[in-house]
Structures are given as C-alpha cells and as structure tokens.
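# Report on the structure
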Amino acid sequence: MTSETCPPTAPAGMLADRPVRWRLVIPVKHADTAKSRLDPPAPLERPELARAVALDTLEAACAALPPHQVTVVTSDPVTTAAALALGARVVADPGRGLDAAVAAGWAGRCADAARTDRADGAVGGWAALLGDLPSLRATDLVRALTACAAHPAAVVPDAAGTGTVLLTSTVGPPTPRFGPGSAARHAEAAVLLALTLPRLRRDVDVAAELEEAVRLGVGRHTTLALELRA
C-alpha cells in the first residue's frame, strides 16, 4: 500500500457486483525534464512534444471517466492549466520519482472514497495510468478498466510486455513499483492482463515508439505539434 493505508473497499479475492468508481492518477513530469530519450523530428523541441503527448493522454482519460475522478500529478504549469480546465484534480509532483508521484496522487483520497462509495454502494477503484500515451482513446481506457474491475488487482503491460501502462486495485491503493521491468514486479501482487488494446499499450520513450504511435493514430495535440514542425 501507499503511505496512506485505506481500508479495503471490496473483499480480497472477489469483487462485489457493484459499479466501480475509479480514482485514476496520471503522473506527468515537467516538460523540461520529460522524455530525455526521445529525439523529436526537427525543428520540434522535446518539451513541446512531451507536453503534447501528455495532453492527449489527459484528454482521453477525462473523456473516459468523470474528470473529477482523475488526478494529475505534475509540476508543469502548462499541464496543470490544461488538467484544471478539463476538470481534473491536480497535485504537485513531490519530485521523488514516478512511484512517489503516483502515491501523492492517491494520498488524501481515502476519506473522500469511503464517504462517496458508501453513499451509493459503489466499489472504490484505484488506478495509475502512464502520462505518455498519445494514441490512447477514451474507449480503450474504458475497456481496460472494465477488464481490470474483474480482479482485486490488475496490471496492463506496455507493448513490449515489460513495463506497466495501467495499474489497478479494488481493495485499496496498490503499491506502485514502476520503472524498467515493472510489469513483472506488479504481477507479483496482481493479475497480468495483456489486453489487445495497442493504443493503450503504446507508451512513447524513443523515436521508434513515437513512429509506431503515429501509425496507430495520435491525439490532436501530438498531431498538431508534428504537423506544425514538419
């Protein structure tokens, strides 16, 4: 669990036949330091591309879920303004890496979760989504969360099968263990779901992955960034 331990929201090993109210966290690094391995096509600058990728991810997530259920953890002012305009919650990035950012996004939600879930009998769901999925569509995320809801804890790997793009739990905030090889680490306590959702699973860290994302179809921000610099 994270530093803030929440009581279970559904019995371990089973999910009650009730709707799941997801608390989705999306960590987004400041654009000046994000995507250090990604060389964008000239003359596009890396921070501009990183922001475009993040904004496409946020828009898809806020179309898939009620925006107030989405928390963006970032120190980037442009991303902050865009997230607030979408109706999402914003938490300052503590600056201690991806796991700490995800944990910060879930912190403070337990009391709210218990109150709102009791009000309508929903199951509280906790999810973390990478912020570098420019091909993501709302329908992809809805399908993934629906599949994840069938399990107390689940992890969706990236296209390579080694990283994590989506981590979920319906029994409380899971322990984030992101970084290289994270899918295997998360699968120690969660069901691994290699879903046939290529746009969800296509994160972007290097130029070849960006090219693949473009072939799949990217969102309007990434499209505009690439077109204007072509």
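Residues numbered from 1 in each chain as written. Predicted model: local features only at pLDDT ≥ 70, side-chain atom pairs only at ≥ 80, totals over all residues. Heavy atoms only, no water.

### A word on the packing of helix α1 (residues 46-64) against helix α2 (residues 77-86)
Axis separation between α1 and α2 bottoms out at 10 Å; the angle between their running directions is 15 degrees. Between α1 and α2, the interaxial angle falls into the category roughly parallel. In this structure, α1 crosses over α2, and the sense of that crossing is right-handed. Where α1 abuts α2, its residues Arg51, Leu55, Leu58, Glu59 and Cys62 lie against Val78, Thr79, Ala82, Ala83 and Leu86. Of the residues contributing to the contact of α1 with α2, the split by class is seven nonpolar, one polar and two charged. (Axes fitted to C-alpha atoms, helices over the stretch in contact; angles between N-to-C directions. Helix = DSSP H or I, 4+ residues; strand = E, 2+ residues; numbered from the N terminus. Parallel < 35°, antiparallel > 145°, perpendicular 65-115°, else oblique. Left-handed = near helix turned anticlockwise from the far one by under 90°. Contact = heavy atoms within 4.5 Å. Nonpolar A, V, L, I, M, F, W, Y, C, P; charged D, E, K, R; others polar.)

### Some words on the packing of α1 against helix α5 (residues 138-148)
As a packed pair, α1 and α5 sit with axes 8 Å apart at the nearest point and diverge in direction by 60 degrees. Relative to α5, α1 is oriented oblique. The handedness of the crossing between α1 and α5 is right-handed. Between α1 and α5, the contacting residues are Ala60, Ala61, Ala63 and Ala64 on the first element and Ala138, Leu141 and Val142 on the second. Residues belonging to the contact of α1 with α5 are distributed by class as follows: seven nonpolar, no polar and no charged.

### Observations concerning the environment of Pro27
Following the sequence through the fold, Pro27 ends up in strand β1 (residues 20-28). Taking C-alpha positions, Pro27 is 5.8 Å from Val72, a pair spaced 45 residues apart along the chain. Excluding residues within four positions of it along the chain, Pro27 makes contact with Val73, Leu98, Ala101, Val102, Leu129 and Gly131.

### Section: the sheet that holds strand β3 (residues 89-92)
Sheet architecture is open: seven strands sit in the order β3-β2-β1-β4-β6-β5-β7, paired in mixed fashion. Strands with a single pairing partner mark the edges of an open sheet, and in this sheet they are β3 and β7 (191-192). In terms of strand pairing, strand β5 (residues 153-157) meets β7 through two bridges, oriented parallel. Looking across to β7, one finds that Ala154 is bridged to Val191. Against the sheet, helix α3 (residues 98-106) makes contact with β1, β2 (70-74), β3 and β4 (123-129), and its axis sits at roughly 140 degrees relative to β1, the strand it touches most. Packing of α5 onto the sheet brings it into contact with β1, β4, β5 and β6 (164-169), and relative to β6 it is tilted by some 45 degrees. (Pairing = 2+ DSSP bridges.)

### Quick notes on the layout of surface pockets
Space inside the largest pocket adds up to approximately 930 Å³. Lys29, Lys35, Leu98, Asp132 and Asp205 are the residues nearest the centre of the largest pocket, which is lined by 41 residues in total. For the lining of the largest pocket, the element with the highest residue contribution is α1, accounting for four residues. Across the lining of the largest pocket, the residue classes tally to 14 nonpolar, 14 polar and 13 charged. Estimated volume of the second largest pocket: approximately 210 Å³. Around the second largest pocket, the lining comprises 16 residues; the ones closest to its centre are Ala153, Pro174, Thr175, His186 and Ala189. Contributions of two or more residues to the lining of the second largest pocket are made by β6 and α6 (182-187). (1 Å grid on protein atoms, 1.4 Å probe; cavity = no way out; pocket = protein on both sides within 12 Å on 5 of 7 lines; lining within 4 Å. Points joined across faces, edges and corners; volume = space filled by probe spheres on them.)

### Points about the confidence of the model for the chain
Residues of the chain with pLDDT of at least 70 account for 86%, and the chain-wide mean is 89. Under a pLDDT of 50 for its full length, residues 10-16 has, in the predicted model, 14 contacts with residues more than four places off or in other chains. (pLDDT = per-residue confidence, 0-100.)

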